[in-house]
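Summary of structural features
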Amino acid sequence: MKNVLIIGAGESGVGAALLAQKLGYNVLVSDFSAIKDKYRLRLDKARISFEEKGHSRAERFIDNDLHLVIKSPGVPSTAALVKSCVAKGVEVIDEIEFAFRNSKGKSIAITGSNGKTTTTSLVYHILKKAGLDVGLAGNIGASWAGQLAESGDKDYWVLELSSFQLDGLIDFKAYISVITNISPDHLDRYEGRLENYIASKLRVLNNQNANDYFVFNIDDKLLAEALSGRNIPSKNLPFSLQDTPNEGAFIKDNQFNVTVGNKSISMSVFDVSLKGKHNAQNAMAAAIASRVLDIRKEVIRESLQDFEGIEHRLENVATINGVDYINDSKATNVNSTWWALESCNKPVVWIAGGVDKGNDYTELLPMVREKVKAIICLGNENQKIKDAFEADVPVIIECNRADQAVSVAYSLATKGDMVLLSPACASFDLFKDYQDRGTQFKNAVKAL
């Protein structure tokens, strides 16, 4: 029996372990940190060996006829254990690559700095409504490998792929690849170099050929520069709010237009449930992908009309005393928060901050000057935000709890205002993750 080492015992690591076991491998899961209870229970139930709070067993395991190493995307290639495995000539891949090698389904792979979760969820919604045999995986919901192990394969897999997940791809090939946009993010992982981050995003195009499709935002300057001069063999299908490409999608005179080959669809933008320019781009990307798969026009129209969006992304929580409370906790970078502020049509009490990932806040200044009346910093280190905006925003207050931030926002906002949680930062200083941050915010609003 061949040995497989899994590094990391989160969603992707445990999913990979379950699939590896199903394929007949002898599996060891190793995590440098403590393993969460829900994942420990899954490993125990499956009788899969694991260790936590160190890699002592793993270090011995790699000397024992190791066949393959599967690492979680959060584990960088520079980690000592990963480097040891590579030095011994053992192949190291990520969970997405492992799942791809064991799936016969066609992949619709969606990435981007912003909008990828909404676009992924919308594509899945359309395909599901159309009656296709489709799964949802990647950086959203249950791991792809875990679903293959526990539920079996699908004809189609709609995958949200983060830059970290893209870094680990080798043979993976998407039938339809989508890049929603590119803006600086996770630069702490990419040596502070934007070009490294962009190169990671472009890996979604790897291995595509003339029978595949590439859907992309032609308005995005960073993406356009990155694609300039690059040979892309797949069929290019751009979408735009500014131009009118012959194939792809655009909006003109409040009409939403999509064309793939000789298949076209149009509808009023006012009939699309998701509002805001950024969501118009997400909807265009999803509609193009759906037309590639020959989904009927009626299904696409209905899906764009009844899609309810995703939790923690510009989510309307409540209106209290004429003040709207909006949960945009998923906005973990500056560009995402720019889109959130752009969509606001009322004075904003903005709750921001968290773990800074090398953010440059200057691009937010025009929006902040126009729309923000007060800032509430929700993080352990807020000086960078204060330095960026104190000359333009008269009220900046620091908090370290979600309920405290909501209470302060309540005291600052007046009828006709919006309280917007859109942090532009990661959440790991005060919260478990962005979901925890958003949930605590919502609970505090509902307790007002």
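Computed from a predicted model, the values in this text were never measured in an experiment.

1. Brief notes about the overall build of the protein chain
When helices and strands are counted, the protein chain shows 17 helices and 20 strands. Rg of the C-alpha trace for the protein chain: 22 Å, near the compact-globule value of 22 Å for 448 residues, within the 12% margin. Taking the principal axes of the C-alpha coordinates as reference, the protein chain spans close to 65 × 55 × 40 Å. Burial statistics for the protein chain: of 448 residues in total, 56% are counted as buried. In the protein chain, once contacts between residues fewer than 6 apart in sequence are set aside, the share between residues at least 24 apart is 66%. As displayed, the protein chain offers around 19,000 Å² of accessible surface, 46% of which is attributable to carbon and sulfur atoms. Counting 52 positive and 56 negative side-chain charges, the protein chain places the centres of these two groups 4 Å from one another.

2. Quick word on the state of the cysteines
Enumeration according to the criterion identifies zero disulfides in this entry. Cys425 provides the cysteine sulfur closest to Cys344, a residue in no disulfide bond, and the two sulfurs are 17 Å apart. Of the residues examined, Cys344 reaches a relative accessible area of 5% and is grouped as buried. Of the cysteine sulfurs around Cys425, a residue in no disulfide, the closest is that of Cys377, at 9.2 Å. Here Cys425 falls in the buried class, since its relative accessible area comes to 1%.

3. Here's the deal with the sheet that holds strand E10 (residues 213–217)
Spatially, E7-E8-E6-E9-E10-E11-E12-E13-E14 is the arrangement adopted by the nine strands of the open sheet, whose pairing is mixed. Of all the strands in the sheet, just strand E7 (134–138) and strand E14 (263–268) have a single pairing partner and so form its edges. If you compare each strand with its neighbour and ignore which way they point, the axes differ by 15 degrees on average. Here six bridges tie strand E13 (residues 255–260) to E14, and the two strands are oriented antiparallel to one another. If you follow Asn257 over to E14, its bridge partner there is Ser266. Contacting strand E6 (106–111), E7 and strand E8 (156–160), helix H6 (residues 116–129) runs over the sheet at an angle of about 165 degrees to E8.

Rules and cut-offs
Residues numbered from 1 in each chain as written. Predicted model: local features only at pLDDT ≥ 70, side-chain atom pairs only at ≥ 80, totals over all residues. Heavy atoms only, no water. Helix = DSSP H or I, 4+ residues; strand = E, 2+ residues; numbered from the N terminus. Rg over C-alpha atoms; globule rule 2.2 N^0.38 Å. Buried < 20%, exposed > 50% of the residue type's maximum accessible area, 1.4 Å probe, protein only. Contact = heavy atoms within 4.5 Å. Areas by Shrake-Rupley, 256 points an atom, 1.4 Å probe, with all protein chains shown as cover. Lys, Arg positive; Asp, Glu negative; His and termini not counted. Charge placed at Lys NZ, Arg CZ, Asp CG, Glu CD. Disulfide = S-S within 2.5 Å. Pairing = 2+ DSSP bridges. Axes fitted to C-alpha atoms, helices over the stretch in contact; angles between N-to-C directions.

Shape descriptors only; they carry no functional weight alone.
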